[in-house]
Amino acid sequence: MSDKAYLILENGKVFEGKSFGAKGTVIAEVVFATGMTGYLETLTDKSYYGQMVVQTFPLIGNYGIIRSDFESKNIHMSAYIVNQWCEEPSNFRSGGNLDAFLMEQQIVGLYDIDTRALVRIIRENGVMNGMITNSLNDIDFSKISGYKVQNAVSSVSAKEAYTVKEDNAKYKVALMDFGLKDNIVRELVKRGCEVTVLPYNTSADEIIKLSPDGIMLSNGPGDPAENVEIIECLKKLTQTKIPMFGICLGHQLLALANGCKTSKLKYGHRGANQPVKDLTTGRVYITSQNHGYAVESNSIDESIADEVFVNVNDSTCEGITYKNAPVFTVQFHPEACGGPKDTSFLFDRFIKMMGVSDNAVR
Amino acid sequence: MPLDKSIKKIMVIGSGPIVIGQAAEFDYAGTQALRALKEEGIEIVLVNSNPATIMTDKAMADKIYIEPLTLTTVERIIEKEKPDSILSGLGGQTGLNLCMQLAKSGFLDSHGIKLLGASPETIDKAEDRQMFKDTMESIGQPVIPSDVVCDVEGAFAFADEIGYPVIVRPAFTLGGSGGGIANNKDELGEIAETGIAVSPIHQILVEKSIAGWKEIEFEVIRDSVGNAITVCSMENFDPVGIHTGDSIVIAPTVTLADKEYQMLRTAALNIIEALGVEGGCNCQFALCPDSFEYAVIEVNPRVSRSSALASKATGYPIAKVATKIAIGYTLDEIPNAVTGKTFAAFEPTLDYVAVKFPKWAFDKFVYAKRDLGTQMKATGEVMSIADSFEMAIMKAVRGAEISLDTLNLPKLFNLSADEIRNMLHTTTDERLFVVFEALKKDITCEEINEITKIDKWFLYKLKNLVNYEKKLSEGLTEDIYIQGKRLGYTDKAIERICGEKVTYSLAPTYKMVDTCAGEFSAQTPYFYHTFNTQISGGENEALKLIEHSQKPRVVVLGSGPIRIGQGIEFDYSSVHCVWTLKKLGYEVIIINNNPETVSTDFDTADRLYFEPLTPEDVMNIIKIEKPVGIIVSFGGGTAIKLTKHLAENNVNIIGTSADSIDMAEDRERFDELLEQLHINRPKGFTVMTTEEALDAAHKVSYPVLMRPSYVLGGQNMIIAFSDDDIKEYMEIILST
């Protein structure tokens, strides 16, 4: 029988559940993710750094652990909360179960609580901090409420630059790693790109020196406004007119570099069913999303950029196209994994931009 | 694109009489469609030959023709009514075929009538076997090697080329009727001949058998500008080879990793785009369990049994949205009635699983062949919702009204492990219970998977139930009790297995079906129960709504799964009961577990509990709802059977009393009553054993009619001509 474990929210609510994976005490921001599949991609998504994730789908781990589906080598979230985890997974690619994987990664897991009740609390009150622990003695609430996700990007970004390519690559892409999902690299390589992944603190000059055909800004964790140096770097890069494509945090950072504001959403968008409307065509796409902050639509200066994608549910900003350079960014995840691939054509758009730009190798 | 203003008068074609493969779900879809049209102020002309439906109610359409669904009749009505449009896709295969005939003959064009929903080209691309194959190949979607033939010789030639076994599917037929699996030339000859005969265009498809692959379905919706979403994915418990109408189905898929899920989702979206469907569509796939290889099995460019199930499983009203699309709206313009805040252009996400369990009529036909295959045999179905597969399957089984409240089928108890192992090789309506018995007899999940190809995920979950029952039989503790409730056991079942009185209690936590896993606040009064303890944060979401209710409350019991003798007419009467009570100022609560019905639409009653109609499940709801009374008289035999239990628990039964009902249903008491009133009747006795039956038969002399108490529609009734007949009959009856 598993040991008892508790989730204590900063508002004082306690959930008694059971422990799986690693044991221990951990404090983090509690967020919920609504995807019904894709738990491996969620677990290995660096954007969850500093957070504990509760899955709304009650049966997690059904198809076991499949390493080739990971979005990074390790788990970067602080803890994982599910209703039930699957002891005996079934899939032809499965190697092991969730419990063993969390143990290997030393990640604290909690299960057997009313996850829907927890999600409803977060929805009504907004994102809040929580602590998972094995004992209810000596709980220091100030520690829980005082927690803040910090230095998120520097914690998850690559420490050194590396290059991924296949033979006959046509375009050189500089990919700034703010906590990237590996599928961004795969989508680019698949389309004939030589991708150089760069640490978050690579300077604009160093990037320009690489004379890339395009610059890709990755997703990543944390409060975008915290990344002052990156924003400065992006200001310089926008001057170059090199084609640029940003996803999620990359989208937010570029918006900040162009004078926009970002703010925290009440409980964010985390799931694989978010509808997004392309304002230029009227088409709606179902997208994969994972973000707690968003660009404020009314902060976009119309003389330099247009809002081109909005969320159908809450009208928040989902994408920007810039006017004076071949640059566009989206809040959602066109690289999917997990989630729908409906917007993977945006990578084709980026490739096309590099094709018409002068720097392209032909 | 907003409403097409040129549409003023629409003709809607219903699906006609209930047949296997086309049942109440089309009344549900049709009713939703009519309401959606009414909202827009469009004049509606309805043609349907089935009067036992909500859709043919006076209030539903402006003109209703209860006429045969034939080409000449429909043409005559069109000439008289002069509609400007006709809606295909909501009247099942019958409605779709009629619309296609009207379009192809040029009748619609010559009368200036627009065909809304699926166009003739779309219908052809999906339904004509050869055009379907060509369309799939043109967009790179794999199909199963197959050939369209019009004679038996052609079938032989192709089968020789691809090898046996092969599957025969006649073109333009319903529920796979006339088709089957042929293992050799002899069988193929027989099946092909029947298939060619029943196909209206005398055409069959012969295809390679991929029996054993996973069967996965996606419900997709697309609008006129090309926005497309998937409403729901479903995975069949039984692998390919058994008609999905006869299969246990779980929503969403559970054994697919995101990579496989997205591969099939993308395929479904590409298919609906290529077919140009505007409205709902069902895509069926076969997925190899050991690789990413898959094949498109079939596409239905219309609402179907699966879409009714998907609607109830997710809360997303497919028929309504499909209708709005047909009259011009795009997905991002249609509000999501569940959240009130979001739009139809989103994909529902579930925080539970829904399980469908078919209802077969084999109990009516004691001697019928119980084998299942590519031709659908189920007459109805139940659905259950829970936060685990174990609880969902337990709820489904006890709600299916097959005299079971667990997966233990008594007639299998005395069979040896080898006998059970042999039974695993044939697929019958009792397959689930045979598998359960096999697990109890320590046949491994791996071996069962080898024989049945049922995914191990399901087998391990069933094994959890077996293990639990073993532990429970050793004694009850509070922990074990809570575990049992979370796995879906009723108190009565727990007591029977452990042989102890249950002294613990745990109140169910009712959860809302809200299409969005709690991401948005929803007002849908649509609930199911789970069990979460207080300390684990357990929250009962129904309580808030009950607290706010101002009016006296009445519970109406639905009629459960459709079967012979208890069909859609009971849904019709329960829905009318609900409406009348609402008009009289009551707050009405409905309990039912049939996904094909209007009564389980979340906006029919004030609150819907999608739960099995069993004593414990119903009493749990009564405990929190505290109604002034409960109405059983519109729920058919299903509700009647609960009367006694409800009366014993001091629930006020509105209408005929429990005692009067018992007097009419219990053969012995009914006999006494007739005796008292001096009414003549055939001589008869109530018997409990074979010996008593033989005795009674000798007293009244052969032939004798044998019929059980509390049944309807002649369930299990036979005429016995000899002692042997009686012995055989009693053996079957006593074992069920």
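The structure this text deals with has already been given above.
Everything numeric in this text was worked out from a predicted model, so none of it was measured.

A. Geometry of the interface of chain B and chain A. With 59 residues of chain B at the interface, the matching set in chain A holds 55 residues. When the buried area of chain B at its contact with chain A is split by residue, Asp258(B), Lys259(B) and Glu519(B) rank highest and sum to 14% of it. Between the two partners, chain B and chain A, sit 11 salt bridges. Between Glu541(B) and Arg116(A) there is a salt bridge, with the nearest N and O atoms lying 2.6 Å from each other. For the pair chain B and chain A, the interface holds 31 residue pairs in polar contact (both at pLDDT 80 or more). For the side of chain B that touches chain A, the elements supplying multiple residues, two or more each, are α9 (258–275), α16 (456–473) and β17 (509–512) of chain B. Taken together, the residues that form the side of chain B that touches chain A break down as 25 nonpolar, 15 polar and 19 charged.

B. Up close: the packing of helix α5 (residues 120–127) of chain B against helix α6 (residues 129–138) of chain B. Residues and elements named next belong to chain B. Closest axis-to-axis distance for the α5/α6 pair is 5 Å, and the angle between their directions is 90°. Between α5 and α6, the angle is such that the two are roughly perpendicular. Contacts from Asp-124, Lys-125, Ala-126 and Glu-127 of α5 reach α6 at Arg-129, Met-131, Phe-132 and Thr-135.

C. Just the sheet that holds strand β11 (residues 228–236) of chain B, in detail. All names here are of chain B. As summarised here, the arrangement of the 7 strands in space is β14-β13-β10-β11-β12-β15-β16, forming an open sheet in which the pairing is antiparallel. Whereas interior strands pair on both sides, the edge strands pair on one side only; in this sheet they are β14 (294–300) and β16 (380–386). Here the average twist between neighbouring strands, direction ignored, is 25°. Pairing between strand β15 (residues 353–359) and β16: 7 bridges, direction antiparallel. Of the residues in β16, the one forming a bridge with Pro-358 is Glu-381. In this fold helix α11 (residues 318–326) packs onto β10 (214–222), β11 and β13 (279–287), with an angle of close to 40° to the strand it touches most, β10.

D. Spatial organisation of a nonpolar patch on the surface. Residues and elements named next belong to chain B. A grouping of Leu-705, Ile-719 and Phe-721 is seen on the molecular surface, where their side chains present a nonpolar patch of about 330 Å² in accessible area. Locating Leu-705 in the fold gives a position in strand β24 (residues 704–706). Exposure remark for Leu-705: the relative accessible area of 48% places this residue in the partly exposed category.

E. Representation of the pattern of salt bridges. Residue and element names in this part refer to chain B. Counting across every chain of the model gives 64 salt bridges over all chains. Between Glu-81 and Lys-63 there is a salt bridge, and its shortest N-O distance comes to 3.5 Å. In this pair, Glu-81 is assigned in helix α2 (residues 71–81) and Lys-63 in strand β3 (residues 63–65), connecting sequence segments 18 residues apart. Residue classification places Glu-81 among the buried positions, given a relative accessible area of 5%. Take Lys-63: its relative accessible area is 37%, and that puts it in the partly exposed class. The partner of Asp-238 in a salt bridge is Arg-431, with the nearest N and O atoms 3.9 Å apart.

F. Spatial organisation of unusual backbone geometry. Cis geometry is found at the peptide bond from Tyr164(B) to Pro165(B), where omega equals -5°. Within the fold, Pro165(B) resides in the loop between α7 (152–162) and β7 (166–170). Between Tyr702(B) and the following residue, Pro703(B), the backbone shows a cis peptide bond with an omega angle of -10°. Along the chain, Pro703(B) turns up in the loop between α26 (690–700) and β24. A positive phi is found at Asp112(A), a non-glycine position, where the angle reads about 70°. Its location among the elements puts Asp112(A) in the loop between β8 (108–111) and α3 (115–125). Residue classification places Asp112(A) among the buried residues on the basis of a relative accessible area of 19%. The backbone of Glu401(B) sits at a positive phi, close to 55°, despite the residue not being glycine. Tracing the backbone through its elements, the reader meets Glu401(B) in the loop between α12 (389–399) and α13 (417–423).

G. Main features of the environment of Ser119(B). Residue and element names in this part refer to chain B. Tracing the sequence through the fold places Ser-119 in the loop between β5 (114–116) and α5. For Ser-119, a relative accessible area of 21% gives the class partly exposed. C-alpha separation for the pair Ser-119 and Ala-251, spaced 132 residues apart in sequence, amounts to 29 Å. One polar contact links Ser-119 to Thr-122, side chain to side chain, over a distance of 3.0 Å.

H. α26(B), seen in detail. Residues and elements named next belong to chain B. Every buried residue of α26 is accounted for by Thr-690, Ala-693, Leu-694, Ala-696 and Ala-697. All buried residues of α26 lie within an arc of 165° about the axis, which places them on one face of the element. Among the exposed residues of α26, those oriented more than 90 degrees off its buried face are Glu-691 and Lys-699. Immediately beyond the C-terminal end of α26, within one or two residues, lies Ser-701, with a positive phi of roughly 70°.

I. Main features of the packing of helix α14 (residues 431–440) of chain B against helix α15 (residues 445–452) of chain B. Residue and element names in this part refer to chain B. Where α14 meets α15, the axes come as close as 10 Å, and the angle between the chain directions of the two elements is 150°. As judged from the angle between their axes, α14 and α15 are roughly antiparallel. Along this stretch, α14 crosses α15, giving a crossing that reads as right-handed. Residues Arg-431, Val-435, Ala-438 and Leu-439 of α14 lie in contact with α15, whose contacting residues are Cys-445, Ile-448 and Thr-452.

Each value, and the rule that gives it
Residues numbered from 1 in each chain as written. Chains lettered and ligands numbered in written order. Predicted model: local features only at pLDDT ≥ 70, side-chain atom pairs only at ≥ 80, totals over all residues. Heavy atoms only, no water. Contact = heavy atoms within 4.5 Å. Buried area = accessible area lost by both parts, 1.4 Å probe. Salt bridge = Lys/Arg side-chain N within 4 Å of Asp/Glu carboxyl O. Polar contact = N/O pair within 3.5 Å; in protein donor to acceptor, adjacent residues only side chain to side chain. Helix = DSSP H or I, 4+ residues; strand = E, 2+ residues; numbered from the N terminus. Nonpolar A, V, L, I, M, F, W, Y, C, P; charged D, E, K, R; others polar. Axes fitted to C-alpha atoms, helices over the stretch in contact; angles between N-to-C directions. Parallel < 35°, antiparallel > 145°, perpendicular 65-115°, else oblique. Pairing = 2+ DSSP bridges. Patch = residues over 30% accessible without salt bridge, like charges linked within 9 Å, V, L, I, M, F, W, Y side chains within 5 Å. Areas by Shrake-Rupley, 256 points an atom, 1.4 Å probe, with all protein chains shown as cover. Buried < 20%, exposed > 50% of the residue type's maximum accessible area, 1.4 Å probe, protein only. Arc of directions from axis to C-beta. Left-handed = near helix turned anticlockwise from the far one by under 90°.

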